[in-house]
Amino acid sequence: MGTDTAEIADLIARCALRDRKAFRDLYGRTSAKLYGVTLRILKDRAEAEEALQEVYVKIWQRADRYVPGGFSPISWLVAVARNHALDVLRARKPRSDDIDLALDVADAGPDPEQAAANRGERARIDDCLGRLDADKADAVRGAYLDGFSYEELATRHEVPLNTMRTWLRRSLMKLRECLSA
Amino acid sequence: MSDDADISGGSEDRFLAAEYALGLLTPAEHATVAARLRTDAALRADLSFWRGRLAALDTQFAETPAPAAVWPELERRLFADGKRAGWWNSLALWRGVSAAALAVAVIAIGVNLATPRPDPNAFAAQLVAALSAQGSNVSVVALYNATTGQVRLTTISGSAIPDKDYELWAIEGSNPPKSMGVIPVGRSMDVKVSPDILAGFGPGTTLAISLEPKGGSKTGAPTGPVVAAGKAAQI
(Lines give C-alpha, C1' and ligand atoms only; values in the text may rest on other atoms or scores of the structure.)
Protein backbone atom coordinates (compact mmCIF):
# COMPACT_ATOMS: atom_id res chain seq x y z
CA MET A 1 0.00 0.00 0.00
CA GLY A 2 2.14 2.92 1.24
CA THR A 3 5.30 1.70 -0.42
CA ASP A 4 3.31 0.58 -3.43
CA THR A 5 1.80 4.03 -3.81
CA ALA A 6 5.23 5.57 -3.46
CA GLU A 7 6.64 3.20 -6.06
CA ILE A 8 3.93 4.04 -8.57
CA ALA A 9 4.45 7.75 -7.96
CA ASP A 10 8.14 7.18 -8.55
CA LEU A 11 7.48 5.31 -11.81
CA ILE A 12 5.31 8.19 -13.02
CA ALA A 13 8.06 10.65 -12.12
CA ARG A 14 10.55 8.58 -14.06
CA CYS A 15 8.22 8.47 -17.06
CA ALA A 16 8.30 12.25 -16.99
CA LEU A 17 12.05 11.93 -17.42
CA ARG A 18 11.50 9.71 -20.44
CA ASP A 19 12.56 6.50 -18.76
CA ARG A 20 11.13 3.75 -20.94
CA LYS A 21 11.91 1.00 -18.50
CA ALA A 22 9.88 2.84 -15.87
CA PHE A 23 7.04 3.15 -18.37
CA ARG A 24 7.14 -0.57 -19.02
CA ASP A 25 7.06 -1.28 -15.29
CA LEU A 26 4.22 1.17 -14.82
CA TYR A 27 2.28 -0.54 -17.59
CA GLY A 28 2.96 -3.95 -16.06
CA ARG A 29 1.69 -2.84 -12.70
CA THR A 30 -1.32 -0.78 -13.67
CA SER A 31 -2.66 -1.91 -17.05
CA ALA A 32 -5.04 -4.49 -15.57
CA LYS A 33 -6.61 -1.79 -13.43
CA LEU A 34 -6.91 0.70 -16.27
CA TYR A 35 -8.22 -1.92 -18.67
CA GLY A 36 -10.82 -2.66 -16.01
CA VAL A 37 -11.80 1.02 -16.17
CA THR A 38 -12.06 1.34 -19.96
CA LEU A 39 -13.83 -2.02 -20.23
CA ARG A 40 -16.38 -1.20 -17.59
CA ILE A 41 -17.22 2.15 -19.11
CA LEU A 42 -17.06 1.25 -22.80
CA LYS A 43 -18.45 -2.28 -22.40
CA ASP A 44 -16.85 -3.35 -25.64
CA ARG A 45 -13.56 -5.22 -25.69
CA ALA A 46 -12.22 -3.80 -28.96
CA GLU A 47 -13.06 -0.24 -27.98
CA ALA A 48 -11.72 -0.73 -24.47
CA GLU A 49 -8.47 -2.10 -25.87
CA GLU A 50 -8.04 0.84 -28.21
CA ALA A 51 -8.87 3.24 -25.41
CA LEU A 52 -6.32 1.59 -23.14
CA GLN A 53 -3.64 2.25 -25.70
CA GLU A 54 -4.62 5.90 -25.98
CA VAL A 55 -4.65 6.17 -22.21
CA TYR A 56 -1.04 5.00 -21.92
CA VAL A 57 0.03 7.30 -24.73
CA LYS A 58 -1.46 10.15 -22.67
CA ILE A 59 0.21 8.91 -19.51
CA TRP A 60 3.59 8.83 -21.24
CA GLN A 61 3.05 12.28 -22.68
CA ARG A 62 1.60 13.88 -19.58
CA ALA A 63 3.53 12.15 -16.83
CA ASP A 64 5.11 15.49 -15.97
CA ARG A 65 1.72 16.85 -15.01
CA TYR A 66 1.26 14.44 -12.17
CA VAL A 67 1.72 16.34 -8.94
CA PRO A 68 2.65 14.07 -6.05
CA GLY A 69 0.68 14.88 -2.96
CA GLY A 70 -2.52 15.80 -4.80
CA PHE A 71 -4.25 12.76 -6.13
CA SER A 72 -2.90 9.37 -5.13
CA PRO A 73 -0.92 8.13 -8.14
CA ILE A 74 -3.31 5.29 -8.90
CA SER A 75 -6.30 7.65 -8.68
CA TRP A 76 -4.55 9.93 -11.12
CA LEU A 77 -4.05 7.06 -13.55
CA VAL A 78 -7.65 5.90 -13.12
CA ALA A 79 -8.83 9.47 -13.76
CA VAL A 80 -6.85 9.61 -17.01
CA ALA A 81 -8.40 6.30 -18.10
CA ARG A 82 -11.90 7.18 -16.94
CA ASN A 83 -11.88 10.61 -18.57
CA HIS A 84 -10.63 9.17 -21.81
CA ALA A 85 -13.27 6.44 -21.80
CA LEU A 86 -15.96 9.06 -21.09
CA ASP A 87 -14.69 11.15 -24.01
CA VAL A 88 -15.01 8.11 -26.24
CA LEU A 89 -18.52 7.53 -24.91
CA ARG A 90 -19.52 11.12 -25.57
CA ALA A 91 -18.13 10.98 -29.09
CA ARG A 92 -20.15 7.86 -29.87
CA LYS A 93 -23.27 8.16 -31.90
CA PRO A 94 -26.16 7.55 -29.56
CA ARG A 95 -27.13 3.94 -29.89
CA SER A 96 -30.33 2.73 -28.36
CA ASP A 97 -29.06 -0.81 -28.00
CA ASP A 98 -26.01 0.09 -25.92
CA ILE A 99 -27.58 -1.03 -22.74
CA ASP A 100 -28.67 -4.40 -24.04
CA LEU A 101 -25.21 -5.06 -25.40
CA ALA A 102 -23.65 -4.19 -22.09
CA LEU A 103 -21.15 -6.68 -20.83
CA ASP A 104 -21.72 -7.75 -17.36
CA VAL A 105 -18.60 -6.52 -15.69
CA ALA A 106 -18.67 -7.41 -12.05
CA ASP A 107 -17.58 -5.13 -9.27
CA ALA A 108 -14.13 -5.85 -8.02
CA GLY A 109 -13.82 -7.50 -4.69
CA PRO A 110 -11.85 -5.42 -2.26
CA ASP A 111 -8.41 -4.94 -3.73
CA PRO A 112 -6.20 -5.31 -0.65
CA GLU A 113 -3.59 -2.64 -1.31
CA GLN A 114 -6.01 0.00 -2.49
CA ALA A 115 -8.50 -0.94 0.13
CA ALA A 116 -5.93 -0.43 2.82
CA ALA A 117 -4.75 2.86 1.40
CA ASN A 118 -8.23 4.16 0.85
CA ARG A 119 -10.03 2.57 3.72
CA GLY A 120 -10.91 5.86 5.30
CA GLU A 121 -12.13 7.59 2.17
CA ARG A 122 -13.83 4.47 0.90
CA ALA A 123 -15.68 3.87 4.15
CA ARG A 124 -16.75 7.46 4.11
CA ILE A 125 -18.24 7.47 0.64
CA ASP A 126 -19.86 4.10 1.24
CA ASP A 127 -21.35 5.45 4.42
CA CYS A 128 -22.60 8.58 2.66
CA LEU A 129 -24.00 6.63 -0.28
CA GLY A 130 -25.63 4.32 2.27
CA ARG A 131 -27.66 7.23 3.58
CA LEU A 132 -29.29 7.70 0.18
CA ASP A 133 -32.12 5.53 -1.10
CA ALA A 134 -30.64 2.41 -2.63
CA ASP A 135 -31.70 3.21 -6.19
CA LYS A 136 -30.29 6.73 -5.91
CA ALA A 137 -26.98 5.48 -4.61
CA ASP A 138 -26.99 3.05 -7.52
CA ALA A 139 -27.51 5.91 -9.93
CA VAL A 140 -24.51 7.79 -8.53
CA ARG A 141 -22.36 4.65 -8.74
CA GLY A 142 -23.65 3.99 -12.25
CA ALA A 143 -22.63 7.46 -13.34
CA TYR A 144 -19.14 7.21 -11.87
CA LEU A 145 -18.31 3.59 -12.60
CA ASP A 146 -20.23 2.95 -15.81
CA GLY A 147 -20.24 6.44 -17.27
CA PHE A 148 -24.04 6.51 -17.52
CA SER A 149 -25.47 9.86 -18.54
CA TYR A 150 -28.67 11.33 -17.10
CA GLU A 151 -30.45 9.93 -20.09
CA GLU A 152 -29.18 6.39 -19.69
CA LEU A 153 -29.88 6.48 -15.99
CA ALA A 154 -33.43 7.64 -16.68
CA THR A 155 -33.95 4.76 -19.09
CA ARG A 156 -32.43 2.21 -16.74
CA HIS A 157 -34.45 3.37 -13.77
CA GLU A 158 -37.55 3.87 -15.93
CA VAL A 159 -38.20 7.44 -14.88
CA PRO A 160 -38.51 10.62 -16.95
CA LEU A 161 -35.27 12.50 -17.62
CA ASN A 162 -36.19 15.47 -15.43
CA THR A 163 -37.12 13.21 -12.58
CA MET A 164 -33.72 11.55 -12.82
CA ARG A 165 -32.02 14.93 -12.85
CA THR A 166 -33.93 16.00 -9.78
CA TRP A 167 -33.20 12.74 -7.96
CA LEU A 168 -29.57 12.87 -8.68
CA ARG A 169 -29.14 16.53 -7.83
CA ARG A 170 -30.89 16.02 -4.52
CA SER A 171 -28.65 13.06 -3.89
CA LEU A 172 -25.57 15.06 -4.79
CA MET A 173 -26.63 17.77 -2.35
CA LYS A 174 -26.96 15.23 0.44
CA LEU A 175 -23.72 13.58 -0.55
CA ARG A 176 -21.84 16.82 -0.49
CA GLU A 177 -23.12 17.61 2.98
CA CYS A 178 -22.20 14.17 4.23
CA LEU A 179 -18.79 14.13 2.57
CA SER A 180 -17.92 17.57 3.88
CA ALA A 181 -18.91 16.76 7.43
CA MET B 1 -42.73 20.15 -5.88
CA SER B 2 -41.61 23.67 -6.66
CA ASP B 3 -38.36 22.66 -5.05
CA ASP B 4 -38.01 19.86 -7.58
CA ALA B 5 -38.63 22.24 -10.43
CA ASP B 6 -35.87 24.44 -9.08
CA ILE B 7 -33.19 21.85 -9.51
CA SER B 8 -34.31 19.90 -12.54
CA GLY B 9 -33.42 22.60 -15.06
CA GLY B 10 -30.75 22.19 -17.72
CA SER B 11 -27.85 23.70 -15.86
CA GLU B 12 -27.54 24.63 -12.25
CA ASP B 13 -24.30 26.04 -11.10
CA ARG B 14 -24.13 24.40 -7.72
CA PHE B 15 -24.27 20.94 -9.28
CA LEU B 16 -22.02 21.56 -12.23
CA ALA B 17 -18.77 20.37 -10.69
CA ALA B 18 -20.33 17.16 -9.38
CA GLU B 19 -22.08 16.51 -12.65
CA TYR B 20 -18.88 17.19 -14.53
CA ALA B 21 -16.88 14.89 -12.25
CA LEU B 22 -19.45 12.15 -12.63
CA GLY B 23 -19.64 12.61 -16.39
CA LEU B 24 -23.38 13.24 -16.43
CA LEU B 25 -23.38 16.21 -18.75
CA THR B 26 -24.09 16.16 -22.46
CA PRO B 27 -21.05 16.62 -24.73
CA ALA B 28 -21.93 20.29 -25.29
CA GLU B 29 -22.43 21.02 -21.58
CA HIS B 30 -19.26 19.14 -20.74
CA ALA B 31 -17.25 21.24 -23.19
CA THR B 32 -18.74 24.45 -21.76
CA VAL B 33 -17.75 23.49 -18.24
CA ALA B 34 -14.28 22.46 -19.39
CA ALA B 35 -13.82 25.92 -20.86
CA ARG B 36 -15.14 27.62 -17.72
CA LEU B 37 -12.79 25.65 -15.52
CA ARG B 38 -9.83 27.45 -17.02
CA THR B 39 -10.90 30.75 -15.54
CA ASP B 40 -13.22 29.83 -12.68
CA ALA B 41 -11.17 29.03 -9.59
CA ALA B 42 -14.21 28.34 -7.41
CA LEU B 43 -15.49 25.80 -9.88
CA ARG B 44 -12.05 24.19 -9.99
CA ALA B 45 -12.00 23.91 -6.23
CA ASP B 46 -15.44 22.38 -6.29
CA LEU B 47 -14.38 19.91 -8.93
CA SER B 48 -11.32 18.88 -7.00
CA PHE B 49 -13.51 18.26 -3.95
CA TRP B 50 -15.71 15.88 -5.92
CA ARG B 51 -12.88 14.17 -7.76
CA GLY B 52 -11.05 13.56 -4.55
CA ARG B 53 -14.06 12.09 -2.79
CA LEU B 54 -15.34 10.06 -5.72
CA ALA B 55 -11.89 8.57 -6.33
CA ALA B 56 -12.62 6.39 -3.31
CA LEU B 57 -14.90 4.43 -5.64
CA ASP B 58 -11.96 3.55 -7.91
CA THR B 59 -11.43 0.29 -6.04
CA GLN B 60 -14.63 -0.95 -7.66
CA PHE B 61 -13.07 -1.11 -11.11
CA ALA B 62 -12.22 -4.79 -11.46
CA GLU B 63 -8.69 -5.54 -12.57
CA THR B 64 -8.79 -7.31 -15.90
CA PRO B 65 -5.56 -8.41 -17.63
CA ALA B 66 -4.95 -6.15 -20.61
CA PRO B 67 -4.97 -7.83 -24.05
CA ALA B 68 -1.48 -8.97 -25.05
CA ALA B 69 -1.48 -6.87 -28.21
CA VAL B 70 -1.61 -3.54 -26.41
CA TRP B 71 1.95 -3.30 -25.11
CA PRO B 72 3.79 -4.12 -28.37
CA GLU B 73 1.56 -1.71 -30.21
CA LEU B 74 2.24 1.01 -27.63
CA GLU B 75 5.96 0.43 -27.87
CA ARG B 76 5.76 0.68 -31.64
CA ARG B 77 3.76 3.89 -31.48
CA LEU B 78 5.81 5.66 -28.85
CA PHE B 79 9.29 4.32 -29.45
CA ALA B 80 9.34 3.54 -33.17
CA ASP B 81 13.08 4.21 -33.27
CA GLY B 82 13.94 0.68 -32.18
CA LYS B 83 13.17 -1.42 -29.20
CA ARG B 84 15.34 -0.78 -26.24
CA ALA B 85 14.66 -2.87 -23.22
CA GLY B 86 15.71 -0.05 -20.96
CA TRP B 87 18.14 2.77 -20.77
CA TRP B 88 20.39 1.10 -18.38
CA ASN B 89 20.83 -2.17 -20.23
CA SER B 90 21.45 -0.70 -23.59
CA LEU B 91 25.11 -0.75 -24.56
CA ALA B 92 24.28 0.94 -27.83
CA LEU B 93 22.91 3.85 -25.86
CA TRP B 94 26.08 4.18 -23.84
CA ARG B 95 28.14 4.30 -27.00
CA GLY B 96 25.74 6.71 -28.63
CA VAL B 97 25.78 8.96 -25.62
CA SER B 98 29.56 9.00 -25.55
CA ALA B 99 29.72 9.89 -29.21
CA ALA B 100 27.19 12.64 -28.81
CA ALA B 101 29.10 13.92 -25.85
CA LEU B 102 32.24 14.48 -27.88
CA ALA B 103 31.17 17.93 -28.90
CA VAL B 104 30.74 18.91 -25.28
CA ALA B 105 34.07 17.32 -24.45
CA VAL B 106 35.81 19.57 -26.92
CA ILE B 107 34.37 22.60 -25.20
CA ALA B 108 35.38 21.18 -21.87
CA ILE B 109 38.95 20.74 -23.02
CA GLY B 110 38.98 24.28 -24.29
CA VAL B 111 37.86 25.58 -20.94
CA ASN B 112 40.34 23.34 -19.24
CA LEU B 113 43.30 24.62 -21.26
CA ALA B 114 42.38 28.15 -20.45
CA THR B 115 42.68 27.65 -16.71
CA PRO B 116 46.14 28.11 -15.23
CA ARG B 117 47.81 24.84 -14.29
CA PRO B 118 50.35 24.60 -11.53
CA ASP B 119 52.00 21.36 -12.57
CA PRO B 120 52.39 20.69 -16.29
CA ASN B 121 53.16 17.02 -15.63
CA ALA B 122 49.73 16.50 -14.16
CA PHE B 123 48.24 17.37 -17.47
CA ALA B 124 49.13 14.02 -19.00
CA ALA B 125 47.39 12.18 -16.21
CA GLN B 126 44.08 13.89 -16.73
CA LEU B 127 40.90 12.44 -18.06
CA VAL B 128 37.80 14.21 -19.18
CA ALA B 129 34.28 12.93 -19.68
CA ALA B 130 31.29 14.89 -20.88
CA LEU B 131 28.12 13.51 -19.42
CA SER B 132 24.81 14.00 -21.17
CA ALA B 133 21.92 11.97 -22.54
CA GLN B 134 19.21 12.38 -25.10
CA GLY B 135 15.99 13.64 -23.60
CA SER B 136 17.66 14.97 -20.50
CA ASN B 137 18.85 18.48 -19.82
CA VAL B 138 21.47 17.39 -17.34
CA SER B 139 24.93 17.81 -18.73
CA VAL B 140 28.05 17.65 -16.66
CA VAL B 141 31.73 17.69 -17.40
CA ALA B 142 33.91 15.43 -15.30
CA LEU B 143 37.62 16.06 -15.09
CA TYR B 144 39.86 13.54 -13.37
CA ASN B 145 43.10 14.70 -11.93
CA ALA B 146 45.50 11.84 -11.15
CA THR B 147 47.59 14.07 -8.90
CA THR B 148 44.77 14.65 -6.49
CA GLY B 149 42.86 11.42 -7.25
CA GLN B 150 39.73 13.50 -7.56
CA VAL B 151 37.09 14.01 -10.17
CA ARG B 152 35.92 17.57 -10.54
CA LEU B 153 32.33 17.80 -11.70
CA THR B 154 31.05 20.94 -13.37
CA THR B 155 27.41 21.32 -14.26
CA ILE B 156 26.75 22.80 -17.68
CA SER B 157 23.01 22.48 -17.44
CA GLY B 158 20.40 20.75 -15.31
CA SER B 159 18.86 21.48 -11.99
CA ALA B 160 18.01 19.73 -8.77
CA ILE B 161 14.73 17.81 -8.56
CA PRO B 162 12.77 17.91 -5.28
CA ASP B 163 12.98 14.71 -3.21
CA LYS B 164 15.51 13.19 -5.60
CA ASP B 165 19.26 12.98 -5.70
CA TYR B 166 21.66 12.52 -8.55
CA GLU B 167 24.16 9.71 -8.14
CA LEU B 168 27.42 9.29 -9.98
CA TRP B 169 28.53 5.86 -11.25
CA ALA B 170 31.68 4.47 -12.77
CA ILE B 171 31.44 1.58 -15.19
CA GLU B 172 34.39 -0.48 -16.37
CA GLY B 173 33.58 -2.48 -19.48
CA SER B 174 30.72 -4.82 -18.78
CA ASN B 175 31.09 -4.78 -15.00
CA PRO B 176 28.20 -3.55 -12.92
CA PRO B 177 28.22 0.19 -12.20
CA LYS B 178 30.01 1.24 -9.01
CA SER B 179 28.62 4.14 -7.07
CA MET B 180 30.77 7.22 -6.59
CA GLY B 181 28.17 8.79 -4.38
CA VAL B 182 25.42 11.34 -4.49
CA ILE B 183 26.36 14.55 -6.28
CA PRO B 184 24.91 18.04 -6.43
CA VAL B 185 23.81 19.38 -9.77
CA GLY B 186 24.12 23.10 -10.22
CA ARG B 187 27.51 23.65 -8.63
CA SER B 188 30.99 22.27 -8.96
CA MET B 189 32.20 19.54 -6.72
CA ASP B 190 35.27 17.38 -6.24
CA VAL B 191 34.65 13.67 -5.77
CA LYS B 192 37.37 11.48 -4.34
CA VAL B 193 37.77 8.30 -6.40
CA SER B 194 37.79 5.32 -4.06
CA PRO B 195 40.61 2.76 -4.40
CA ASP B 196 38.41 -0.02 -5.79
CA ILE B 197 37.14 2.25 -8.54
CA LEU B 198 40.59 3.73 -9.13
CA ALA B 199 41.98 0.24 -9.87
CA GLY B 200 40.20 0.10 -13.21
CA PHE B 201 39.88 3.81 -13.80
CA GLY B 202 41.19 5.11 -17.09
CA PRO B 203 40.33 6.06 -20.64
CA GLY B 204 37.17 4.23 -21.67
CA THR B 205 35.65 4.22 -18.19
CA THR B 206 32.05 5.34 -18.45
CA LEU B 207 30.78 7.85 -15.96
CA ALA B 208 27.03 8.10 -15.58
CA ILE B 209 24.55 10.02 -13.51
CA SER B 210 21.22 8.54 -12.54
CA LEU B 211 18.26 10.04 -10.75
CA GLU B 212 17.71 8.27 -7.45
CA PRO B 213 15.60 8.54 -4.33
CA LYS B 214 16.86 11.02 -1.74
CA GLY B 215 20.15 9.83 -0.34
CA GLY B 216 21.00 7.70 -3.35
CA SER B 217 20.18 4.21 -4.57
CA LYS B 218 19.36 1.81 -1.77
CA THR B 219 20.33 -1.25 -3.79
CA GLY B 220 23.90 -0.37 -4.68
CA ALA B 221 22.94 -0.33 -8.36
CA PRO B 222 21.27 2.44 -10.30
CA THR B 223 17.49 2.27 -9.99
CA GLY B 224 16.45 5.49 -11.69
CA PRO B 225 16.82 6.82 -15.21
CA VAL B 226 20.24 7.70 -16.51
CA VAL B 227 20.19 11.42 -17.05
CA ALA B 228 23.74 11.76 -18.28
CA ALA B 229 26.63 9.54 -19.28
CA GLY B 230 29.94 9.76 -21.04
CA LYS B 231 33.24 7.96 -21.52
CA ALA B 232 36.45 9.25 -20.07
CA ALA B 233 39.15 10.18 -22.53
CA GLN B 234 42.74 11.19 -21.96
CA ILE B 235 43.64 14.80 -22.55
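The model shown is predicted, which means the values in this text are computed figures rather than measured ones.

Criteria and cut-off values
Residues numbered from 1 in each chain as written. Chains lettered and ligands numbered in written order. Predicted model: local features only at pLDDT ≥ 70, side-chain atom pairs only at ≥ 80, totals over all residues. Heavy atoms only, no water. Helix = DSSP H or I, 4+ residues; strand = E, 2+ residues; numbered from the N terminus. Buried < 20%, exposed > 50% of the residue type's maximum accessible area, 1.4 Å probe, protein only. Lys, Arg positive; Asp, Glu negative; His and termini not counted. Salt bridge = Lys/Arg side-chain N within 4 Å of Asp/Glu carboxyl O. Contact = heavy atoms within 4.5 Å. Expected span 1.5 Å × (residues − 1). Arc of directions from axis to C-beta. Pairing = 2+ DSSP bridges.

Chemist: It is not clear to me how the side chain of Arg-82 of chain A should be interpreted in this structure. Could you clarify?
Modeler: Structurally, Arg-82 of chain A is set in helix α4 (residues 73-91). The charged side chain of Arg-82 of chain A is buried without a salt bridge, its nearest counter-charge being Asp-58 of chain B at 6.1 Å. Those residues within four positions of Arg-82 of chain A in sequence are excluded, and the remaining contacts are Val-37, Ile-41, Ala-143 and Tyr-144 of chain A together with Ala-21, Leu-22, Gly-23 and Phe-61 of chain B.

Chemist: Would you mind going over helix α4 (residues 41-54) of chain B with me for this structure?
Modeler: Structural remark: α-helix, 3.6 residues per turn; residues separated by three or four positions point the same way. Residue and element names in this part refer to chain B. If you check α4, its first and last C-alpha atoms are 20 Å apart, about what 14 residues at 1.5 Å a residue would give, namely 20 Å. By the burial criterion, the buried members of α4 are Leu-43, Asp-46, Leu-47, Phe-49, Trp-50, Arg-53 and Leu-54. An end-on view of α4 places all buried positions within 155° of arc, on one side of the element.

Chemist: Looking at this structure, how should I read the sheet that holds strand β6 (residues 189-192) of chain B?
Modeler: Whenever strands of a sheet pair, they do so through backbone hydrogen bonds, lying parallel or antiparallel. Residues and elements named next belong to chain B. A sheet is described by the order of its strands in space; here five strands give the open sequence β6-β3-β2-β1-β9, paired in antiparallel fashion. One side of each edge strand has no neighbouring strand; the edge strands of this open sheet are β6 and β9 (233-234). Of the strand pairs in this sheet, strand β1 (residues 126-131) and β9 are connected by two bridges, and their pairing is antiparallel. Directly across from Val-128, in β9, lies its bridge partner Ala-233.

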